[in-house]
Amino acid sequence: MSVFVAFEGGDGCGKSTQARRVASARDALFTFEPGDSLMGADLRRWVLDAATPMSPVTEALLMLTDRSHHVRTLIEPALEAGRSVVSDRFAASSLAYQGYGRGVDLEELRAATDLAVGTCWPDLTVLLDISLEVAVERRALDHRDRFESADAAFHERVRHGYLAMAAAEPSRWFVVDASLDVEQVARLVDERLDELDWS
Ligand code: TYD
């Protein structure tokens, strides 16, 4: 059965490393949001550009446009062809960043996210949870996009949002302490992913 797993977490949590590693170890399609399509690359440029002010709702709708296109052109076709998919960020990013972080109404955002995603929800979302202090130490300070340049309170709200979502649906989420070293994180992630049917 094909499996759909999403990796989530704050900036600097190390999820991209884990997502790429898992995809290659399990012969799954690696993909990411925002921006893993031709149109998505353009959307990504706008939505991350710190020099282009936009409202939180506009930001959310751009992310959802990217997601809707990503689901229809990449994720669903792969799953339908029997290939597993590992995505570096997915729907929970919008709820955490634009909902909890920016204050877009959560119920409205959930409804809009349902519209963008349809039935294509991950079987499991892995949250690499990290404190702000550790994330800041790890984060590159040279290029700062719209989110990296947001203040600490924003990133605290994002973290709280992720943990609240994970606590509300424990069977669909797996939370890992991402301050552990990379091998320990990998081992915990692999143990949980082994429970899914990747055959
Ligand atoms: P990216 O360079 O991919 O960073 P990261 O390695 O942290 O994933 O930038 C993606 C940024 O976009 C990241 O700061 C989170 C943000 N984002 C949202 O705010 N909402 C979303 O729905 C998605 C997919 C990402």
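Before reading on, note that the structure itself is shown above.
Summary of the structure given here. (Residues numbered from 1 in each chain as written. Predicted model: local features only at pLDDT ≥ 70, side-chain atom pairs only at ≥ 80, totals over all residues. Heavy atoms only, no water.)

1. Comments concerning the overall build of the protein chain
1) Next: Along the protein chain, the regular secondary structure elements total eight helices and five strands.
2) Next: When the helices and strands of the protein chain are listed from N to C terminus, the series reads β-α-β-α-α-β-α-α-β-α-α-β-α.
3) Next: Split into buried and exposed, the 199 residues of the protein chain put 48% on the buried side.
4) Next: For the protein chain, contacts bridging at least 24 residues in sequence account for 79% of all contacts bridging at least 6.
5) Next: Carbon and sulfur atoms form 56% of the exposed surface of the protein chain, whose accessible area is close to 9,500 Å².
6) Next: For the protein chain, the centre of its 21 positive side-chain charges and the centre of its 34 negative side-chain charges are spaced 2 Å apart. (Helix = DSSP H or I, 4+ residues; strand = E, 2+ residues; numbered from the N terminus. Buried < 20%, exposed > 50% of the residue type's maximum accessible area, 1.4 Å probe, protein only. Contact = heavy atoms within 4.5 Å. Areas by Shrake-Rupley, 256 points an atom, 1.4 Å probe, with all protein chains shown as cover. Lys, Arg positive; Asp, Glu negative; His and termini not counted. Charge placed at Lys NZ, Arg CZ, Asp CG, Glu CD.)

2. Digging into the sheet that holds strand β3 (residues 85-88)
In a beta sheet, neighbouring strands are held together by backbone hydrogen bonds and run either parallel or antiparallel to one another.
1) Next: Ordered in space as β2-β3-β1-β4-β5, the five strands form an open sheet in which the pairing is parallel. Lying at the two open borders of the sheet, with one neighbouring strand each, are β2 (29-32) and β5 (173-177). The mean inter-strand angle of the sheet, taken between neighbouring strand axes irrespective of direction, is 20 degrees.
2) Next: Pairing geometry for β2 and β3, over four bridges, is parallel. Bridged to phenylalanine 30 within β3 is valine 86. (Pairing = 2+ DSSP bridges. Axes fitted to C-alpha atoms, helices over the stretch in contact; angles between N-to-C directions.)

3. So, the environment of glycine 103
1) Next: Note that glycine 103 resides in the loop between α4 (91-101) and α5 (106-117).
2) Next: The sequence separation of glycine 103 and alanine 153 amounts to 50 residues, and the corresponding C-alpha distance is 12 Å.

4. Structural notes on the site of the ligand
1) Next: Contacts to the ligand come from 15 residues, most closely from Lys15, Arg44, Arg89, Ser94 and Gln98.
2) Next: One nitrogen or oxygen atom from the side chain of lysine 15 is found 2.9 Å from an oxygen atom belonging to the ligand.
3) Next: In isolation the ligand offers 540 Å² of accessible surface; the protein chains occlude 89% of this area.
4) Next: For the shell around the ligand, the secondary structure elements donating two or more residues are α1 (15-25), α2 (38-48), α3 (56-80) and α4.
5) Next: Tallying contributions element by element places α4 first for the shell around the ligand, with four residues.
6) Next: Its residues placed into classes, the shell around the ligand shows five nonpolar, four polar and six charged. (Near = heavy atom within 4 Å. Polar contact = N/O pair within 3.5 Å; in protein donor to acceptor, adjacent residues only side chain to side chain. Nonpolar A, V, L, I, M, F, W, Y, C, P; charged D, E, K, R; others polar.)

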